[in-house]
Amino acid sequence: MSRGHEEKVLDNVTTTNNYVDSKLVEFLNYVRAKVWIKNTHGSNSIKYKILARASLQDSDAGWEEEVSEQTLAAGASADHDITDAWALIKIQVKSATTDAAGTVDAFIVKKRY
């Protein structure tokens, strides 16, 4: 059995004024995750947050902010450890500059132990 799994959830995604969701990542049967975000834009900052949800089944289950909104400068990266028990994780990104593009790559690496 594999001890972990890596998934690219944002692949050179371009965003402007509104938040864009990453792919949803199922987190059941894992005990921790490393979320890595890279602002690939040459000059504009981006904003991001990491959201998590407690249920796969219940569409009314709300998304909780695991990491509140943060700003990432052009060319910079950030990583966060997730250790709480969640069913789903996603990243949301948008440009920090109104009407200007931002570009982002992101990975989530999950570990079973």
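That block above? That's the structure.
The sections below set out a description of the structure shown in this document.

Calculation criteria
Residues numbered from 1 in each chain as written. Predicted model: local features only at pLDDT ≥ 70, side-chain atom pairs only at ≥ 80, totals over all residues. Heavy atoms only, no water. Core = buried A, V, L, I, M, F, W, Y, C linked by side-chain atoms within 4.5 Å. Buried < 20%, exposed > 50% of the residue type's maximum accessible area, 1.4 Å probe, protein only. Helix = DSSP H or I, 4+ residues; strand = E, 2+ residues; numbered from the N terminus. Contact = heavy atoms within 4.5 Å. Lys, Arg positive; Asp, Glu negative; His and termini not counted. Salt bridge = Lys/Arg side-chain N within 4 Å of Asp/Glu carboxyl O. Polar contact = N/O pair within 3.5 Å; in protein donor to acceptor, adjacent residues only side chain to side chain. Pairing = 2+ DSSP bridges.

### A few points about the nonpolar core
Judged by nonpolar contacts, the single largest core of 24 residues is most densely connected at I37, Y48, I50, I82, I91 and I108. Looking at this core, the elements that each hand over two or more residues are β1 (4–15), β4 (32–39), β5 (46–53), β6 (64–72), β7 (77–82), β8 (88–95) and β9 (102–111). Per-element accounting of this core gives the leading share, four residues, to β5. Apart from the residues within four sequence positions on either side, I91 is in contact with V9, L10, V20, D21, S22, V35, I37, K49, I50, A106 and I108.

### Focus: the side chain of R53
By secondary structure assignment, the location of R53 is in strand β5. No salt bridge is formed by the buried R53; the nearest opposite charge belongs to D58, separated by 7.1 Å. Here the side chain of R53 touches S55 through a polar contact of 2.9 Å, landing on its backbone oxygen. Not counting residues up to four positions away in its chain, the partners in contact with R53 are D58, S59, A61, G62, W63, W86, A87 and L88.

### Some points on the pairing of β5
Within β5, seven of the eight residues are buried, leaving the element largely enclosed by the surrounding structure. Taken together, the eight bridges between β5 and β8 define a ladder with antiparallel strand orientation. Across the sheet, I50 pairs through a bridge with I91, a residue of β8.

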